[in-house]
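Residue-level structural notes
The residues making up each chain are set out below.
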Number of protein chains: 2
Amino acid sequence: MKPFILDPEEMKRLLAVSRGDTPADLVLRGGQLVNVLTGEIYPAEVAIYGGRIAGVAERDGTYKGNTIVELGGEFIAPGFIDAHVHLESSMVLPAEFANAVLPRGTTSVVSDPHEIANVHGLDGIRFMLKASEGLPLRVFVMLSSCVPATDMETSGARLGVGDLASLLDHPRVLGIAEMMNYPGVVNGVDDMVQKAALGHTAGLRVDGHVPLVRGLPLQAYASAGISSDHESVSAPEALEKLRSGFQVLIREGSTARNLDALLPIVNERTARFCSFATDDRQPDDLETQGHIDYIIRKATAQGLDPVLAIQLATINTARHFGLDDLGAIAPGYHADLVTFKDLRDLHVTRTFAGGQLVAQDGQVAARATNTVMPPINNMLVPDLTEASFRIPATGSHARVIQALPEQIVTRSMPVEVRVQDGEVVADTQRDILKIAVIERHKRTGNIGLGLVSGFSLRAGALASSIAHDSHNLVVVGVTSEDMMLAARTVADMGGGICAVSGGQVLGKLPLTVAGLMSDQPLEHVATEMRRLLQASMSLGCTLANPYMAMAFLALPVIPELKLTDMGLVDVMRFAICPLFLTADEVAAIPTR
Amino acid sequence: MKPFILDPEEMKRLLAVSRGDTPADLVLRGGQLVNVLTGEIYPAEVAIYGGRIAGVAERDGTYKGNTIVELGGEFIAPGFIDAHVHLESSMVLPAEFANAVLPRGTTSVVSDPHEIANVHGLDGIRFMLKASEGLPLRVFVMLSSCVPATDMETSGARLGVGDLASLLDHPRVLGIAEMMNYPGVVNGVDDMVQKAALGHTAGLRVDGHVPLVRGLPLQAYASAGISSDHESVSAPEALEKLRSGFQVLIREGSTARNLDALLPIVNERTARFCSFATDDRQPDDLETQGHIDYIIRKATAQGLDPVLAIQLATINTARHFGLDDLGAIAPGYHADLVTFKDLRDLHVTRTFAGGQLVAQDGQVAARATNTVMPPINNMLVPDLTEASFRIPATGSHARVIQALPEQIVTRSMPVEVRVQDGEVVADTQRDILKIAVIERHKRTGNIGLGLVSGFSLRAGALASSIAHDSHNLVVVGVTSEDMMLAARTVADMGGGICAVSGGQVLGKLPLTVAGLMSDQPLEHVATEMRRLLQASMSLGCTLANPYMAMAFLALPVIPELKLTDMGLVDVMRFAICPLFLTADEVAAIPTR
C-alpha cells in the first residue's frame, strides 16, 4: 500500500474546506457522478481543494468555491489508469505521452520502463522517473525484472536484485515489473525468486507475464506471490488466472488486442479483479483511436455495463496496486477526474489532474515539455561495409524466419537458398530477404545474419533501433548496399527508423533517446511513421507495419525462430542454431 | 500493504510442491471450493505445504500429499476474519479467545486493544501482541488512537503520537484504530490529524468511528484519509459512507447489532467494500451463538447470497487491510480455511490455520494456553469506608442517570431525592439507586457519586472493573454498606465483577488481567457470568445484563448523562455538571 500522504497542516486546510468553513479552489456543479465505489450514478457536486477531492454533495450549492464549473448534466468519473504500459512504445518522451493521453482521460499509468532499461539499465529507469516528475500525468513505475531477457543476445545492461533494490523506495515505484522469465519462476531459479521476494518484503506488488501458462505451472507461478497477468488470450485462460488469485489485466494495445476474447469473463462478481491495460501503444493508434478511453468505448459497445468498464479503468487498478487515494471520486482522493457526455460512447470533454483542468475538448491546457537530459546516446555500431552483410553460402538450405501478419510469433521455414558468387543473396521472387541484427551497446562488433520471409520488399532496405528486448539495430533488405546505407543512416541519427532504396534515403525518423524515443511531439512522430510506412509500401512491402514486425524479430523469448546479434535462435530449443541445415536435416525436409 | 513474506528457500520448496515435483504436506480432496475471487463454487482439491496453499486443481488426484483428507463433498472456504473486535470484551485472554472462535471458523481478527490500553497504555498493547504471538488464530492489531477518550475521567494511560509510532513497525500492526474523537478529526485538532498522518505515512490503514455522522462532517472525516467505519445503524447512513469511500464494517456483536438494518445495502456491486465485524462479543454469545459464522448464518438466512456473505467475512476484509495473502484459497495464500456441509446454514466442521487442522466438530485440536505474564495488576482503589459512598444532601433535586434496556445511551432525569439524616439515599420504590465510580489507576482517591435508575435492585450492590473507556471501578447499589463490600470485593480480587447483598458476596468473577480479563477458559467465564446474572436477578434486577449496562455508565462520549471518577458528565454539553439542580433549574422542571 503506497501511503496516502498529506502534510498535517495541509490536511487541516482540506478539512476546513470539506466541512464547509472555507471555500474550495474549484467546485464542479451539475454533473452526474459515476461512483465507482458503489456502482451508482447520481447527480452530485464535487469540491476540490489543494489537488484533492474535499467533498461530494448531492445538492448543488452545498460547497462554495473560488471557481465554479457548470457541467450541465455531463457525467463525471475518476481519471483513467493504464495498469501496464511500456511508455517507450509510444516513441515519445513521458511529457509528450502525457500531452497525448490526458485529453483522452488517462491521468495515471503503471509503466514498466523495460525498453530503456535494456539499453541504459538503471540510468534508463532513473531517466524515466525524472522525465515524468511533476507531469500532470501520474507515472508509476514497476522495476523491470528481466534485463536482459536471455543470454542469447547482447543488451545494454543487466539488472540484478541489488540494482532493483536501489530504486524500491522511490515514491512512484509500485513494485517489480512483469516476471517474463516464467520458467525461471516456476522452477525456482535464484534470480527470479529473489526478485519476487524483494518486492514482497517491501510490501509491493510483483507483476506477472505468463502467456498460455495454465495448470500446475500456473499454480507454481502464483505461489511465488505474483499477483497480476496481462498475457491472457482466451477466456478460459483468463478465468483460470482469476481463480488462481491474479488481477487479470485485459490488454488492448497496438501489438496485442485481447479485449474481444476476454470480455466474456467480466461480470458483476469478477470485475473487481480485472483491469484495463495497453502494454504497447503506437503513436498512430494513440492519435487515431485513443488510449484507455478507446478500450472503455469498445468494451461498452460490446455490451459491458459502462460503470463496470469504468471500474476496470479506475478503482480496480488503483486498489490492486495499493493506490488508496486514486481511482474514485471521494473525499481525500486525488482530484483526477474526467467529464463526458455519453455513457455508452465515452468521449472525454475535460480532464482534471490534481484538481487542475489539464485538457478540454481534445486539447491539453498547457503542453508539457521535457527538460530532463536523457542518458548519453551511444550507438556503438561497428564500422559497416557491404561485407558486413554478406552471407557466405556454406550450405544449400537455410532456416528462414517467416514473419506472420499481425503476429509476433514466427515460423521456421527450411528453404533452398539463392547463391551468387559463393554468397547467399535475397530472392525477391520467393520473398526471401536478408536480415541483420547489429549489436549497438558494447562495441562487440557482433552482427547476426539471416534470412526472412513475409516482408515482400522488392528493393531497398528498412532499419530500426527498436528491436525487443535488447534493442540492437535490426535491418531487413534486398541488397547489402542498401542494408549498409539503412544501418548507417540509423547509426548516424543516434537511433531511429529509416527506409532506403537504391542508395537513397526515402524516409527517416530520429529516435535519439536510447534509440527508442523521439524528442518531438507525438503528432510529429505519428506523421513521420505514416511517411515511413508509405515508403515501405512503395518498396513493395505487404506488412501493415513492417517496423513493428522487425521490432519483434530479435526477441528470442517468442517462438519460433528469431535472430539476435549472436545469431539465429531456435526458441523452441531455447538455443542458438546455425543458419544452414546439415545434410541430414536437408534430407529430412518433407517433400510436398 | 503488509508484505507477503516467504524466505526465498522456503519459496523454492513451495514452488516444487506447486508444480507437482514434490508431495504436499496435506491434500484436501473431494471438496466444493468456494472461490471468493470469482464468486464461483466448483469441485477442487487443495494442496498445502509449509502453511501455504501450494495449488488448487480441479481434478482430484492431481497433487500427491503426505496426508490426504477426504472432504466427501463438503464445502471448503477461506477462514473467517473479524474486521474489528476488542478482544477484551470476551473477558478472556487471546489464547482462550482463539480456543473459542477457531471451532467457529474464525482464523484472523483485526483487533483494537483499546480497553487494556486505557488501563496499561503501551504495556497493555504489547501484552496483547505477545499474548497472541504464535497462536493458530492470527491476531492483527490496530493501535488505539483515543486513550483516554476524554479529559473528564482518569485513565490508566495516555497514548500520544510518539507512543503509537513506536509500535507501527510490528508485523501484525495494521494501522491506527478507530478515530473515535470524530469532532477532533473533523475540526482538524492536532492530535487527531497527526495520528491519522502517522498511519498514512506508514502506508497503513486508519480506522474510523463515526456514529450517525453524515453530510459535510462525514466528508471532512473521510478527507482525513480514514477508510473504514463500523458504527452505521441505518442503511442510508451506511450507503452514504460507502459512497464516501469507507469500507463499511457491518457490526453484529453483543452490544450493538446492525446486521438487519444494514443488509439492504449489500449487493453484487457494493459487497466488495463491505465486511463483517463484531466490535464486542461477550462470552455467553460466543458460546451459544458463535462469532463471524453466526453473522454469515444470519445474513444468509435473511437472503444474502452465501458466497457474498463469505466474501464479507474473508477477501473483502483482507484486501481492505492490505493482507494480500489472506482471505482466499489460491496459491501462495496462507492455508487458513474451513469446511462445512450446508451453504445456507453454515456450521463449520473443520478449521485449518496455517495448514494445520486446528479444530474439528466444535472442538480445538489442541487448547492454546497463555504463557505470557500480564502487566502488573494495580487496582489502586483508595481505602473505602461507608462514608466513601455517602452523598450529602445539598439540594432537593438531582440529575439521575436513566439506564435504558439494551442501549448504551442514557437519559438525564431530574428527580426529587430521598433524604435521611442529611444524606441522599436510594429509593427502591422509585427505582433510584446510588452509583459510584472509583478511580483505580493512579491512587487519586477520586470517587464520583451519583444516582441511577433502571436497574430495579431491591437490595444489595453490583460492582465491576469493566467500565468503558477508563475502566474505573463502577458500583451500583442500594446501601453504602453493600456498595463498600462490593467495591472491596472487586478490589481484593485485583479486578472483576461481583454481586453482594446484606453483607454477603452472592457471586464473583475475578478478572485479574487489567481488571478486564480472566485467566480462565471462556466456558468458565461464561458459566460464572450466568451465575452473576442470576444473583442480580435475585436482587430484583430487571436489566438483562446489568454488568454490561454498568460498563457503559462511565463512558462520557455516549449521550446523555454519565458518571466518571471526576463526577457527573453532561455529554450533550461535553462538561462536568453538578449532581444537584439549582433552584432555578428545579423551578424549570416541567410539571406533569
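Residues numbered from 1 in each chain as written. Chains lettered and ligands numbered in written order. Predicted model: local features only at pLDDT ≥ 70, side-chain atom pairs only at ≥ 80, totals over all residues. Heavy atoms only, no water.

1. Some words on the environment of B:Ser108
In plain terms, the rule: Helix and strand labels come from DSSP, where a helix needs a run of H or I of at least four residues and a strand needs a run of E of at least two; each type is numbered from the N terminus. Contacts are residue-level and defined by heavy atoms, with any inter-residue pair within 4.5 Å sufficient.
With respect to the secondary-structure elements, B:Ser108 resides in strand β7 (residues 106-111). Not counting residues up to four positions away in its chain, the partners in contact with B:Ser108 are B:Phe80, B:Ile81, B:Asp82, B:Leu137, B:Arg138, B:Phe140, B:Leu326 and B:Asp336.

2. Brief notes about the relation of the copies chain A and chain B
For the record, the criterion: The copies are overlaid by a least-squares fit using only the C-alpha atoms of residues whose pLDDT is at least 70 in both copies.
Structural alignment of chain A on chain B gives an RMSD of 0.1 Å, achieved by rotating through 180 degrees and translating 0.0 Å along the axis. Seen this way, the second copy is the image of the first under a two-fold rotation axis. Of the interface residues in chain A, 99% have counterparts in chain B that sit at the interface too, so the contact is made through matching surfaces.

3. Points about the side chain of A:Asn545
Residue and element names in this part refer to chain A. Filter applied, for reference: Categorising residues by exposure relies on relative accessible area from a 1.4 Å probe, with only protein chains included: less than 20% of the type maximum marks a residue as buried, more than 50% marks it as exposed, and the intermediate range marks it as partly exposed. A 3.5 Å cut-off defines polar contacts: any pair of N or O atoms within that distance qualifies, except that in protein one atom must be a possible hydrogen donor and the other a possible acceptor, and neighbouring residues in sequence count only when both atoms are side-chain atoms.
By the secondary structure assignment, Asn545 is in the loop between α15 (522-538) and α16 (546-553). Asn545 sits in the buried class, given a relative accessible area of 18%. Here the side chain of Asn545 touches Tyr547 through a polar contact of 3.1 Å, landing on its backbone nitrogen. Within the structure, Asn545 has its side chain in polar contact with the backbone nitrogen of Met548 (distance 3.0 Å). In this structure, Asn545 is in contact with Gln282 and Leu533, ignoring residues within four places of it in sequence.

4. Re the confidence of the model for chain A
Quick note on the threshold: The pLDDT value tells you how sure the predictor is about a given residue, anywhere from 0 up to 100.
Taken as a whole, chain A shows an average pLDDT of 96; of its residues, 99% reach a score of 70 or greater. Across the interfaces of the predicted complex, the ipTM metric reaches 0.94, alongside a pTM of 0.95.

5. What to know about the sheet that holds strand β7 (residues 106-111) of chain A
All names here are of chain A. Applicable threshold: The pairing criterion is simple: DSSP has to find at least two bridges between the two strands. Lines fitted to C-alpha atoms define the axes here, with helix axes fitted over just the stretch in contact, and angles between the N-to-C directions of these axes take values from 0 to 180 degrees.
Strand order in the open sheet formed by five strands is β6-β7-β8-β9-β10, and the pairing between neighbours is parallel. Pairing within the sheet leaves two strands with one partner each, and these edge strands are β6 (80-85) and β10 (205-206). Pairing of strand β9 (residues 173-176) with β10 involves two bridges; the strand directions are parallel. By the bridge assignment, Gly175 is partnered in β10 with Arg205. Along the sheet, helix α11 (residues 292-301) makes contact with β6 and β7, crossing β6 at roughly 105 degrees.

6. Considering helix α1 (residues 8-18) of chain A
For α1(A), the complete set of buried residues consists of A:Met11, A:Lys12, A:Leu14, A:Leu15, A:Ala16, A:Val17 and A:Ser18. At its buried positions, α1(A) is contacted by β1 (24-35), β2 (40-49) and β3 (52-57) of chain A together with α5 (182-186), α6 (190-201) and α7 (215-223) of chain B. For α1(A), the side-chain oxygen to backbone nitrogen distance between the N-cap and A:Glu9 is 3.0 Å, and the N-cap itself is A:Asp7. Positive phi appears at A:Gly20, one or two residues downstream of α1(A), with a value of about 90 degrees.

7. Looking at the sheet that holds strand β29 (residues 561-564) of chain A
Residue and element names in this part refer to chain A. Spatially, the three strands line up as an open sheet ordered β29-β30-β31, and their pairing is antiparallel. Here the strands that pair on one side only, and so sit at the sheet edges, are β29 and β31 (575-577). Recorded for the sheet is a direction-independent mean angle of 45 degrees between the axes of neighbouring strands. Pairing between β29 and strand β30 (residues 567-570): four bridges, direction antiparallel. Bridge pairing in β30 places Lys562 opposite Val569.

8. Remarks on the nonpolar core
Put simply, the rule reads: Remark: nonpolar core denotes a set of buried residues (Ala, Val, Leu, Ile, Met, Phe, Trp, Tyr, Cys) joined through side-chain atoms within 4.5 Å.
With 129 residues, the main nonpolar core has A:Ile125, A:Met179, A:Phe455 and A:Tyr547 as its most contacted residues. Per-element accounting of this core gives the leading share, nine residues, to helix α3 (residues 114-131) of chain A. Residue contacts for A:Phe455: discarding those within four places in its chain leaves A:Ala403, A:Asp431, A:Leu433, A:Val476, A:Gly540, A:Cys541, A:Thr542, A:Leu543, A:Pro546, A:Ala549, A:Met550 and A:Leu553. Ranked by size, the runner-up nonpolar core spans 128 residues in total, among them A:Met11, B:Val109, B:Leu286 and B:Ile558.

9. Concerning the packing of aromatic side chains
Here is the rule we go by: Geometry of aromatic contacts follows a simple scheme: Phe, Tyr and Trp rings, the Trp one being its six-membered ring, pair when their centres are within 6.5 Å, and the pair is stacked under 30 degrees between planes, edge-to-face over 60, tilted otherwise. Here, a charge over a ring means that NZ of Lys or CZ of Arg falls within 6 Å of the ring centre while also lying within 35 degrees of the ring normal.
Applying the stated criterion to the full structure yields four aromatic pairs over all chains. The cationic tip of A:Arg243 hangs over the ring face of B:Tyr42; the distance from NZ or CZ to the ring centre is 3.8 Å.

10. So, the side chain of B:Asn118
Residues and elements named next belong to chain B. Mapped onto the fold, Asn118 is located in helix α3 (residues 114-131). At a separation of 3.0 Å, a polar atom in the side chain of Asn118 contacts the main-chain carbonyl oxygen of His114. What Asn118 contacts, discounting residues up to four positions off in sequence, is Cys146, Val147, Pro148, Ala149, Ser155, Gly156, Ala157, His441, Asp469, Ser470 and His471.

11. Some thoughts on the environment of B:Gly454
Residues and elements named next belong to chain B. Within the secondary structure, Gly454 sits in the loop between β24 (447-453) and β25 (461-464). Along the sequence, Gly454 and Asp431 sit 23 residues apart, while their C-alpha atoms lie 6.5 Å from each other. Gly454 has contacts with Ala403, Asp431, Thr542 and Leu543, leaving out every residue within four places of it along the chain.

12. Structural notes on the state of the cysteines
Applied cut-off: Two cysteine sulfur atoms make up a disulfide if the distance between them is within 2.5 Å.
Tallying each qualifying case throughout the model produces zero disulfides over all chains. A:Cys498 takes part in no disulfide bond, and the closest cysteine sulfur, belonging to A:Cys541, lies 14 Å away.

13. Details of the interface of chain A and chain B
The criterion, for reference: By convention, the term buried area covers the 1.4 Å-probe accessible surface removed from two parts as they join, with the contributions of both added. Whenever a carboxyl oxygen of Asp or Glu lies within 4 Å of a side-chain nitrogen of Lys or Arg, that contact is scored as a salt bridge. Think of it as three bins: nonpolar holds Ala, Val, Leu, Ile, Met, Phe, Trp, Tyr, Cys and Pro, charged holds Asp, Glu, Lys and Arg, and polar takes everything else, Gly as well.
If you look at the interface, chain A gives 73 residues, while chain B gives 72 residues. Across the chain A/chain B interface, buried area totals approximately 5900 Å², and carbon plus sulfur atoms make up 56% of it. In this assembly, chain A and chain B are joined by twelve salt bridges. Here B:Glu58 ties to A:Arg243 by a salt bridge, and the two come within 2.7 Å at their closest N and O atoms. On the surface where chain A and chain B come into contact, there are 26 residue pairs in polar contact (both at pLDDT 80 or more). With seven residues, the top contributor of residues to the side of chain A that touches chain B is α1(A). When its residues are assigned to classes, the side of chain A that touches chain B shows 36 nonpolar, 23 polar and 14 charged.

14. Quick look at the pattern of salt bridges
Enumeration over the complete set of coordinates arrives at 80 salt bridges over all chains. Taking the shortest distance from any N to any O, the salt bridge between B:Arg13 and B:Glu10 comes out at 2.8 Å. With B:Arg13 and B:Glu10 both in helix α1 (residues 8-18) and three residues apart, the pair spans about one turn of that helix. Salt bridges sharing partners connect three or more residues here, namely A:Glu252, A:Arg257, A:Arg281, A:Asp285 and A:Lys298.

15. Description of the pairing of strand β23 (residues 432-438) of chain A
All names here are of chain A. With seven of seven residues buried, β23 is to be regarded as a mostly interior element. With burial as the criterion, each face of β23 is covered, one bearing Ile432, Lys434, Ala436 and Ile438 and the other bearing Leu433, Ile435 and Val437. Relative to strand β24 (residues 447-453), β23 is paired through seven bridges, and the arrangement is antiparallel. Across the sheet, Lys434 pairs through a bridge with Leu451, a residue of β24. Bridge analysis of β23 against strand β26 (residues 473-477) gives five bridges, and the strand direction is antiparallel. Within the sheet, the bridge partner assigned to Ala436 lies in β26 and is Val475.

16. A look at the pairing of β26(A)
By the criterion of burial, β26(A) is predominantly enclosed, with five of the five residues buried. Here β26(A) shows a buried face lined by A:Leu473, A:Val475 and A:Gly477 and a second buried face lined by A:Val474 and A:Val476.

17. A short note on helix α15 (residues 522-538) of chain B
Residue and element names in this part refer to chain B. Note the threshold: Multiplying 1.5 Å by the helix residue count minus one yields the expected span of that helix.
Look at α15: 24 Å from first C-alpha to last across 17 residues, which is about the 24 Å you get at 1.5 Å a residue. Leu522, Val525, Ala526, Glu528, Met529, Leu532, Leu533, Ala535 and Ser536 are the residues of α15 that are buried. Structurally, α15 contributes buried residues whose contacts are with α2 (94-101), α10 (283-288), β25, β27 (496-501), β28 (504-510) and α16 (546-553). Positive backbone phi, at 100 degrees, marks Gly540, one or two positions downstream of α15.

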